[in-house]
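Now for the letters of each chain:
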Amino acid sequence: LRESEKQNRHAREEKESVLRQLQELKNEMKQDKLAKEERSTTLNLHKLRTQWRTVLREVKDKELRQDIEILSQTFARVMDCKDSVIESLATDLEEAEEQHAQALRSHLYNIDRLLQLQHSRLTCLEEGYSTQLEALKMELEAERRTILEQHERESCYLRDVALATEQNYAKNNHEATLNFQSARDDIKYKSQQEKQYSRLQLRGKVEVLWEQFQRAMQSYTEATEHQKIAFEALKQKDKKSSREIEMQAKKLQKLQDLVTATKGQIAAHLRESEKQNRHAREEKESVLRQLQELKNEMKQARAMAHGSLARLTTQSSAALKALARVVEKAQRILRLAEMCRRLETEEEKVLPFYPSSLAEGDQREAQQVLEETPTEPLAQAMRDYVGLERFWQRFNKVKLEEQALERERAALSQRNQHLRELLRQYLAGISVSQEVLSEPNALLIVERKSCVPADLPRAEGGHAQGHQSTKHPDSLSEGDAHPDPIHGSTGTS
């Protein structure tokens, strides 16, 4: 029994040592496998990043090429438009020159024909005259006077014909010049009327603004005229009262001198002096009362003037602040315009305003509606801002582009998030961690073959086999492993 117990104990110790060795081997194999997987994952991530960068470079290259093609097409289209306009203008100029040359040729031809007709007529008349003259020379001397008279009549007739032709030509020329001058005067008169009408409109606006300014100035002067007049009256009263006070002081001085000089007469004229002194005291008190009243009135006038000056200063400061805010707003608008001008593309610089999508009939109707005089106050107020139509057109274009870019950004963010999710799932599928092992994974299978040697007892090998039945990387078969075609690492099936 002792020997059997010793043998059993020895067998248990050997089994435990073998199990410890197997556990150590399994741990070493796990560590090696984890290190290999980590290296393969880092390598695969590096390859994915490089391939993703190449894809992004290709996409960016395509986008830049498309932008360059669009810009070249717009430039070519603009150049074609300019060339077509230049060609049309050149053809119009050539046609105008041809018409001018044709008119000049016809005019010269008509003049040549008239000259030829005149020369032929004159030659015919000269020939008739010469024949008649030769016939008349052969006649008698008695008929000389009649021949001379007839010659004179014919010469007068020829002169009248030449004069009539010249007068006709002069009349036609004068009528043509008069028609040209009348047409030119009509055009000048119309232009002058338009200029005068625009000048009258501007003058009316300036006169309205000047009347408003004059009314405001007149109202201010009328509002302050009463106070100014009261102040001047009080000032005059103050001067008068000061002169009266000086006069009274001089009188008192004289009275005192008289009193000092006539001390000897005081006893005799005591009653009279008392009456005079009483009267002088009353006058002095009345003058003092008047002086006090004038001082109070002056204080009140000064207080009112100070209040009006304070109100004027506050109003002027408020106006200056409002003007400063307007100037600051205008400067900010100019700065924003410069910034927007810098951010404009080449296409926007060449074609800043997109063409209208309305048809010609709709555009004419809209123009007629705009030219009609509005009756509602809102429409009348909107006519003052017709000059901002181009600004609102560009502003709406920018707003639409902003909305389109925001939608495109949202779509790209959703697509990026979807790609990140797919990449995370892929990396989770090819990496080995405790979370991946705890979740169902299609890339891992259960290996049913036990790694325990066959000579070990079955009673204590059940526990090890139970551990082998779990989803673990050590349980993967070497025959099912194959290299990943994308990353080049050893995958599992």
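Bear in mind the structure is a predicted one, so any value in this text is a computation, not a measurement.

Next up on the list: the overall build of the protein chain. When its secondary structure is counted, the protein chain shows nine helices and two strands. In the protein chain, buried positions account for 7% of the 493 residues. Counting only contacts in the protein chain whose residues sit at least 6 apart along the sequence, the fraction spanning at least 24 positions is 69%. Surface accessibility of the protein chain: about 43100 Å² in total, with carbon and sulfur atoms responsible for 57%.

Take the UniProt feature "coiled-coil region" (unreviewed entry) in the protein chain next. Cross-referencing UniProt, the feature "coiled-coil region" (unreviewed entry) maps to residues 1-39, 79-106, 270-311 and 395-425 in the present numbering. Between the C-alpha atoms that bound residues 79-106 the distance is 40 Å, and the span itself is 100% helix and 0% strand. Across residues 395-425 one finds 100% helix and 0% strand; the C-alpha atoms that close the span lie 45 Å apart.

Structurally, tyrosine 129 is set in helix H1 (residues 2-138). Apart from the residues lying within four places of it in its own chain, the contact partners of tyrosine 129 are His151 and Glu154.

Next up on the list: the packing of H1 against helix H7 (residues 389-430). Contact pair H1 / H7: the axes reach a minimum separation of 11 Å and the direction vectors enclose 155°. If you check the angle between H1 and H7, you find them roughly antiparallel. Two packed elements cross with a definite hand, and for H1 against H7 that hand is right-handed. Counted together, Glu37, Thr41, Asn44, Leu45, Leu48 and Trp52 of H1 and Leu419, Leu423, Tyr426, Leu427 and Ile430 of H7 form the full contact between these two elements. Of the residues contributing to the contact of H1 with H7, the split by class is eight nonpolar, two polar and one charged.

We now examine the confidence of the model for the protein chain. When pLDDT drops low, the exact placement of atoms in the prediction is not to be read closely. Here the protein chain shows a mean pLDDT of 77. Residues at 70 or above account for 83%. Taken element by element, the predicted model of the protein chain shows its lowest mean pLDDT in strand S1 (residues 482-483) (36) and its highest in helix H3 (residues 270-342) (86).

The subject of this paragraph is a negative patch on the surface. Residues Asp92, Glu94, Glu95, Glu97 and Glu98 make up a contiguous surface patch of negative charge. Mapped onto the elements, glutamate 97 comes out in helix H1.

This paragraph deals with the pattern of salt bridges. A complete count under the given rule lists four salt bridges for this structure. Across the salt bridge formed by arginine 65 and aspartate 61, the nearest N and O atoms sit 3.1 Å from each other. Here aspartate 61 and arginine 65 lie together in helix H1, a separation of four residues that amounts to about one turn. On the basis of relative accessibility, which here comes to 53%, the residue arginine 65 falls in the exposed class. Residue arginine 215 is joined to glutamate 211 by a salt bridge in which the shortest nitrogen-to-oxygen separation is 4.0 Å. Taken as a pair, arginine 215 and glutamate 211 lie in helix H2 (residues 144-261) at a separation of four residues, close to a single helical turn. The exposure class assigned to arginine 215 is partly exposed, which follows from its relative accessible area of 48%.

Our next topic: a nonpolar patch on the surface. A contiguous nonpolar patch, built from Trp52, Val55, Leu56, Val59, Leu419 and Leu422 and spanning about 500 Å² of accessible area, is present on the exposed surface. Taken together, the elements giving at least two residues each to the nonpolar patch come down to H1 and H7. Considering every element that reaches the nonpolar patch, the biggest residue donor is H1, with four residues. Mapped onto the secondary structure, leucine 422 falls in helix H7.

Together, Lys235, Lys237, Lys239, Lys240 and Arg243 line one region of the surface with positive charge. Note that lysine 240 resides in helix H2.

Between its first and last C-alpha, H1 extends 200 Å over 137 residues, near the 204 Å set by a 1.5 Å rise per residue. Residues Glu37, Ser40, Thr41, Asn44, Thr74, Val78 and Leu136 constitute the buried set of H1.

Rules of the game
- Residues numbered from 1 in each chain as written.
- Predicted model: local features only at pLDDT ≥ 70, side-chain atom pairs only at ≥ 80, totals over all residues.
- Heavy atoms only, no water.
- Helix = DSSP H or I, 4+ residues; strand = E, 2+ residues; numbered from the N terminus.
- Buried < 20%, exposed > 50% of the residue type's maximum accessible area, 1.4 Å probe, protein only.
- Contact = heavy atoms within 4.5 Å.
- Areas by Shrake-Rupley, 256 points an atom, 1.4 Å probe, with all protein chains shown as cover.
- UniProt positions renumbered as here; feature names shortened; annotations may be inferred.
- Axes fitted to C-alpha atoms, helices over the stretch in contact; angles between N-to-C directions.
- Parallel < 35°, antiparallel > 145°, perpendicular 65-115°, else oblique.
- Left-handed = near helix turned anticlockwise from the far one by under 90°.
- Nonpolar A, V, L, I, M, F, W, Y, C, P; charged D, E, K, R; others polar.
- pLDDT = per-residue confidence, 0-100.
- Patch = residues over 30% accessible without salt bridge, like charges linked within 9 Å, V, L, I, M, F, W, Y side chains within 5 Å.
- Salt bridge = Lys/Arg side-chain N within 4 Å of Asp/Glu carboxyl O.
- Lys, Arg positive; Asp, Glu negative; His and termini not counted.
- Charge placed at Lys NZ, Arg CZ, Asp CG, Glu CD.
- Expected span 1.5 Å × (residues − 1).

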